[in-house]
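Coordinates in review
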Amino acid sequence: MKPIKILHWYILRNFLKTFSITFFVSLFVLVMQFMFHYADDLIGKGAGVWPITKLFFYSTMSLIPLSLPLSILLGSLMTFGNLGERLELLSMKAAGISLSRILAPLIIVIGLMSIGSFFFADKVLPKAQVQMWTLIFSIREKSPELNIPEGSFYSDINGINLYAGNKKSGFLYDVVIYDLSKGFDNTAIILADTAKIEMSNDKTYLLLTLFNGESFENMSQGSKPGISNDEGIIPYRRESFKRKKLAIDFDANFTEISSSFLDGQYVSKNINELQYTIDSMTHKVDSITDAQITKQQTTVYFEHNGINSVIKESENRDSHYAKSKIRDIYMKLDSVNKIQVLDNAISRCHTISNDIEYDKAITDWMFQEIRVHAIEWHKKLTLAFACFIFLFIGAPLGAIIRKGGMGMPIVVSTVLFIVYYIIDNAGYKMAREGMWEVWCGMWLSAFVLLPLGVTLTYLAATDNTVMNGEAFKMFFNKIKNKYKKNETKHN
């Protein structure tokens, strides 16, 4: 038993050393991809170091469950590839140690990681996602960093378009300002040779000091009553100045909005809260549907004293009797009453149709919310289960190809993870659009990769050479030699 324990510790030490490196590399790549995705919302806002640092931290926390499967795949593939390349795996099997015994410590460790991944996704991930999205929306709402270009208009100030021909040391030259804050009909145009630009002490106003210029302002809304503009003449005001000061609203401070707007959203809920929401919304949909069916069954479309009495009388008779009696009474009516009955029926039909469309819109929205919550519910489980699947793909594959280092394992693991991501994303879209059941779409990647893991484990345990690199090499060499012989015969 003691040599087995030493062997287990040896395998664990090799795996954990490789896993720790691949985990942080994978996490860093995913975080960078996330930050690049939202680069347009973050760059040029001048949010400061601390908000960006917090966003980086919370996005890192949010991507941990996704980086675990990739790092486990790469770590197990590199570990067993190294063992196979150094012939250590062959020595273990020659000593009578089966692959299942060799994998036993990793199965326990990865099992614990899977459980930890689930609890992390259930307890920590909702809080991290709330903080992450709060910061993203806060940075989006922040006024952009003041960076006025040369030779083009700057329009990131609300209601102001500002042009500067040149700028140097806080001064702008050949300045043109279009003030649209009072509406297009009351546009004010300011021309100035030079302008000094600075922020107020509380960073809520942009202070402009203009030198040697003119201003033009339309006064169509400010004209006195009784003044006619039949000829299209719009009064305006012109002003020449040597020095003029403007204070423009421009809040450059970063204010983090409240996270309360995410209350009730699926990203802020754990698995129990998600299940409660799914159950309650499903009950509401059933109630709305039952009420609508009852309403359609009990609604009387034709309104007339004789017809209403027949309908009441026919409640205890068959429908054929009711239809024949209604037809007889309708045919006995005069033309005015017939038109009135038909108008009432058409009006009732339009009312019921509008009610059905409204209820359909409500139920469609509820079904969409149910699907979104169910997707998040299953995602907490599928990411944890993926950790286990990738162990039984990476470790046997590494034992089969017998290639360690950073070359072949990285290529193979990247290809496998891309395949997993494509399948998982396809299933997610099918579930989100309601084309498949949510559980079917979210577990699609597991249904596809689990048989692959079982097959690879079987091939590695039985020392099958189907996927061995040397077998592939020998196969292609045979084809090459056969082709050369045929070519020699023809010559």
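Owing to the predicted nature of the structure, the values given are computational and were not obtained by experimental measurement.

Parameters and conventions
Residues numbered from 1 in each chain as written. Predicted model: local features only at pLDDT ≥ 70, side-chain atom pairs only at ≥ 80, totals over all residues. Heavy atoms only, no water. 1 Å grid on protein atoms, 1.4 Å probe; cavity = no way out; pocket = protein on both sides within 12 Å on 5 of 7 lines; lining within 4 Å. Points joined across faces, edges and corners; volume = space filled by probe spheres on them. Helix = DSSP H or I, 4+ residues; strand = E, 2+ residues; numbered from the N terminus. Nonpolar A, V, L, I, M, F, W, Y, C, P; charged D, E, K, R; others polar. pLDDT = per-residue confidence, 0-100. Contact = heavy atoms within 4.5 Å. Axes fitted to C-alpha atoms, helices over the stretch in contact; angles between N-to-C directions. Parallel < 35°, antiparallel > 145°, perpendicular 65-115°, else oblique. Left-handed = near helix turned anticlockwise from the far one by under 90°. Phe/Tyr/Trp six-rings, centres within 6.5 Å; stacked < 30°, edge-to-face > 60°. Buried < 20%, exposed > 50% of the residue type's maximum accessible area, 1.4 Å probe, protein only. Pairing = 2+ DSSP bridges. Expected span 1.5 Å × (residues − 1). Bend = angle between axes of the 7 residues up to and from the residue. Core = buried A, V, L, I, M, F, W, Y, C linked by side-chain atoms within 4.5 Å.

Quick look at empty space enclosed by the protein now. All chains considered together, the criterion is met by 1 cavity of 30 Å³ or more. Along its surface, the largest cavity is lined by Thr 382, Phe 385, Ala 386, Ile 389, Tyr 420, Trp 443, Ser 445, Ala 446 and Leu 449. At the level of elements, α9 (335-401) and α12 (444-461) are the ones that each hand at least two residues to the lining of the largest cavity. The element that contributes the greatest number of residues to the lining of the largest cavity is α9, accounting for 4 residues. Its residues assigned to classes, the lining of the largest cavity comprises 7 nonpolar, 2 polar and no charged.

The next subject is the layout of surface pockets. Of the voids in this model, the largest pocket is the one considered here, and its volume is about 1300 Å³. Along the wall of the largest pocket there are 34 residues; nearest its centre are Leu 63, Leu 66, Gln 129, Lys 379 and Tyr 421. Broken down by element, the lining of the largest pocket gets its largest block of residues, 7 residues, from helix α10 (residues 408-432). Across the lining of the largest pocket, the residue classes break down as 23 nonpolar, 6 polar and 5 charged. Taken as a whole, the second largest pocket encloses approximately 320 Å³ of empty space. Asp 179, Ala 188, Ile 190, Glu 217 and Leu 246 are, among the 20 residues lining the second largest pocket, the residues nearest its centre. Per-element tally for the lining of the second largest pocket: the top contributor is strand β6 (residues 236-249), with 7 residues.

Looking now at the confidence of the model for the chain. Taken as a whole, the chain shows an average pLDDT of 77; of its residues, 76% reach a score of 70 or greater. The secondary-structure element of the chain with the lowest mean pLDDT is helix α7 (residues 305-313), recorded at 48, while helix α11 (residues 438-442) shows the highest, at 90. Within the model, pLDDT remains below 50 along residues 222-230, and this stretch shows 2 contacts once partners closer than five positions in the same chain are excluded. When the criterion is pLDDT under 50, residues 309-317 qualifies, and its contacts beyond four places in sequence or with other chains add up to 9 contacts.

The next thing to look at is the packing of α9 against α10. Relative placement of two packed helices is described by the angle separating their axes and the distance separating the axes. Put simply, α9 and α10 touch, their axes get as near as 11 Å, and they point 160° apart. In terms of axis orientation, α9 runs roughly antiparallel to α10. Pair α9 / α10 crosses with right-handed handedness. Residues Gln 368, Arg 371, Ile 375, Leu 383, Ala 386, Phe 390, Ile 393, Leu 397 and Ile 401 of α9 form the contact with α10, whose own contacting residues are Met 408, Val 412, Leu 416, Phe 417, Tyr 420, Tyr 428, Ala 431 and Arg 432. Partitioning the contact of α9 with α10 into residue classes produces 14 nonpolar, 1 polar and 2 charged.

A word on the packing of aromatic side chains. Tallied over the entire structure, the rule returns 13 aromatic pairs. Seen in terms of ring centroids, Phe 390 and Phe 417 are 6.4 Å apart; in terms of plane orientation they differ by 40°. Their pairing is tilted. Residue Phe 390 is located in helix α9, and its partner Phe 417 is located in helix α10; the two are separated by 27 residues in the primary sequence. Grouping residues by exposure puts Phe 390 and Phe 417 together as buried. For the pair Phe 417 and Tyr 420, a centre-to-centre distance of 5.6 Å together with 45° between the ring planes defines the contact as tilted. One end of the pair is Phe 417 and the other is Tyr 420, both in helix α10 and 3 residues apart, which spans about a single turn. Exposure class is identical for Phe 417 and Tyr 420. Each is buried.

Glancing now at the pairing of strand β3 (residues 171-179). Both strand β2 (residues 160-168) and β3 contribute to a ladder of 8 bridges, which runs antiparallel. Paired with Tyr 163 across the strands is Val 176, a residue of β3. Connecting β2 to the next strand, β3, in antiparallel fashion are 2 residues, including Ser 169 with a positive phi near 55°. Where β3 lies against strand β4 (residues 188-199), 8 bridges are found, and the strand directions are antiparallel. For Tyr 178, the partnering residue across the bridge sits in β4 and is Ile 189.

Turning our eyes to something else, we now look at the side chain of Gln 129. Inspection of the secondary structure puts Gln 129 in helix α5 (residues 99-141). Of the residues examined, Gln 129 reaches a relative accessible area of 14% and is grouped as buried.

The end-to-end C-alpha separation of helix α3 (residues 49-85) is 46 Å, well short of the 54 Å expected for 37 residues at 1.5 Å each. The largest bend in α3 amounts to roughly 50° and is located at Ile 64, with the proline Pro 65 lying one to four residues further along. Within α3, 28 of the 37 residues are buried, which leaves it mostly tucked inside the rest of the structure. Of the residues flanking the end of α3, it is Leu 87, one or two places downstream, whose phi is positive at about 65°.

Moving on, we get to the packing of α3 against α9. Packing of α3 against α9 leaves a shortest axis separation of 7 Å and a crossing angle of 20°. Judged on the interaxial angle alone, α9 and α3 are roughly parallel. The handedness of the crossing between α3 and α9 is right-handed. Contact residues: α3 offers Pro 65, Leu 66, Leu 68, Pro 69, Ile 72, Leu 73, Ser 76, Leu 77, Phe 80 and Gly 81, while α9 offers Leu 383, Ala 386, Cys 387, Phe 390, Leu 391, Ile 393, Gly 394, Ala 395, Leu 397, Gly 398, Ala 399 and Ile 401.

This part takes up the environment of Ile 177. Structurally, Ile 177 can be placed in strand β3. Expressed as a C-alpha distance, the spacing of Ile 177 and Ala 164, which sit 13 residues apart in the sequence, is 8.9 Å. Not counting residues up to four positions away in its chain, the partners in contact with Ile 177 are Ile 160, Asn 161, Leu 162, Ala 188, Ile 189, Ile 190, Leu 208, Leu 210 and Leu 246.

In this structure, Leu 55, Phe 80, Leu 106, Phe 390 and Ile 393 are the most contacted members of the largest nonpolar core, which totals 72 residues. Among the elements that make up this core, the one with the highest residue count is α9 (16 residues). In contact with Phe 390, other than residues within four places in its own chain, are Pro 69, Ile 72, Leu 73, Ser 76, Phe 417, Tyr 420 and Leu 449. Counting residues in hydrophobic clusters, the runner-up holds 18 residues, among them Tyr 154, Ala 195, Leu 208 and Leu 210.

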